[in-house]
Amino acid sequence: QVQLVESGGGLVQAGYSLKLSCAASGRAFGVYGMGWFRQAPGKEREFVAGISQNGAVIKYADSVKGRFTVSRDNAKNTVYLQMNSLKPEDTAVYYCARSRTAGSYIESSAFDYWGQGTQVTVSS
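Just so it is clear, the structure is predicted and the values come from calculations on it, not from any experiment. (Residues numbered from 1 in each chain as written. Predicted model: local features only at pLDDT ≥ 70, side-chain atom pairs only at ≥ 80, totals over all residues. Heavy atoms only, no water.)

Turning to the nonpolar core, a few remarks are in order. Core analysis: the largest hydrophobic core is formed by 32 residues, its most contacted members being Trp36, Val48, Phe68, Val79, Leu81, Met83 and Tyr94. Looking at this core, the elements that each hand over two or more residues are β3 (18-24), β4 (34-39), β5 (46-51), β7 (68-73), β8 (78-83), β9 (92-99) and β11 (118-123). Excluding residues that lie within four positions of it along the chain, phenylalanine 68 makes contacts with Arg38, Val48, Tyr60, Leu81, Gln82, Met83, Asn84, Leu86, Asp90 and Tyr94. (Core = buried A, V, L, I, M, F, W, Y, C linked by side-chain atoms within 4.5 Å. Buried < 20%, exposed > 50% of the residue type's maximum accessible area, 1.4 Å probe, protein only. Helix = DSSP H or I, 4+ residues; strand = E, 2+ residues; numbered from the N terminus. Contact = heavy atoms within 4.5 Å.)

As structure tokens, then:
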């Protein structure tokens, strides 16, 4: 009965910023690690960022390091992805997911619940 709903996507020009939110329903949100993934047309789904249950362990894909920031507010049952200096290659559907445990993971198989995604389009 866990549900994840992403929001905040849209169309922006290269160099601009977007902040994605993922609101989670269900109990014990703070017990689980969370992750962000993305999938562009014709490409495989790829890891973007991950955060452990208490925010102590954070991981980023090399392609977004220095530009994206993942955070969470367990009191609000929400995880965020701040995306700065967006590039056309960031264009994709972005998904949030809940891990099976408390850790921060990079493989999609480590996650058991997924949102439906939010579209991010970066024009050049």
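The next point concerns the sheet that holds β3. The 4 strands are arranged β1-β3-β8-β7 in an open sheet whose pairing can be described as antiparallel. Unpaired on one side and paired on the other, β1 (4-7) and β7 mark the two borders of the sheet. Taken over all neighbouring pairs, the strand axes of this sheet differ in orientation by 15° on average, direction set aside. (Pairing = 2+ DSSP bridges. Axes fitted to C-alpha atoms, helices over the stretch in contact; angles between N-to-C directions.)

What follows is about the side chain of serine 52. Tracing the sequence through the fold places serine 52 in the loop between β5 and β6 (58-60). We classify serine 52 as buried; its relative accessible area is 5%. Aside from chain neighbours lying at most four places away, what touches serine 52 is Gly33, Val57, Arg72, Ala102, Gly103 and Ser104.

Considering all chains together, one arrives at 4 aromatic pairs under this definition. Feature note: the residues Phe37, Phe47, Phe111 and Trp114 constitute an aromatic cluster, connected by ring pairs. Geometry around tryptophan 114 places arginine 45 over its ring, the cationic atom sitting 4.2 Å from the centre. The ring centre of tyrosine 32 lies 3.7 Å from the NZ or CZ of arginine 98, which sits over that ring. (Phe/Tyr/Trp six-rings, centres within 6.5 Å; stacked < 30°, edge-to-face > 60°. Lys NZ or Arg CZ within 6 Å of the ring centre and 35° of its normal.)

In this structure, asparagine 84 sits in the loop between β8 and β9. For asparagine 84, a relative accessible area of 29% gives the class partly exposed. Sequence spacing of asparagine 84 and alanine 14 is 70 residues, and the spatial spacing of their C-alpha atoms is 9.5 Å. Once you skip the residues sitting within four places of it in the chain, asparagine 84 turns out to touch Tyr16, Ser17, Arg67 and Phe68. For asparagine 84, the side chain forms a polar contact with the side chain of glutamine 82, separated by 2.9 Å. (Polar contact = N/O pair within 3.5 Å; in protein donor to acceptor, adjacent residues only side chain to side chain.)

Further remarks concern the environment of leucine 4. With respect to the element layout, leucine 4 can be found in strand β1. Separated by 30 residues in the primary sequence, leucine 4 and methionine 34 have C-alpha atoms spaced 11 Å apart. Other than its neighbours up to four places away in sequence, leucine 4 contacts Cys22, Ala23, Ala24, Met34, Cys96, Ala97, Arg98, Tyr113, Trp114, Gly115 and Gln116.

Along the chain, the position of threonine 118 falls in strand β11. Measuring from C-alpha to C-alpha, the distance between threonine 118 and serine 21 comes to 9.6 Å, with 97 residues separating the pair along the chain. What threonine 118 contacts, discounting residues up to four positions off in sequence, is Glu6, Ser7, Gly8, Gly9, Leu20, Ala92, Val93 and Tyr94. Side-chain polar atoms of threonine 118 contact the backbone nitrogen of glycine 9, separated by 3.2 Å.

Attention now moves to the side chain of threonine 91. Examined against the element boundaries, threonine 91 turns out to sit in the loop between β8 and β9. Within polar-contact distance, the side chain of threonine 91 engages the backbone oxygen of proline 88 at 2.9 Å. Of the polar contacts made by the side chain of threonine 91, one reaches the backbone nitrogen of valine 122; its length is 2.9 Å.

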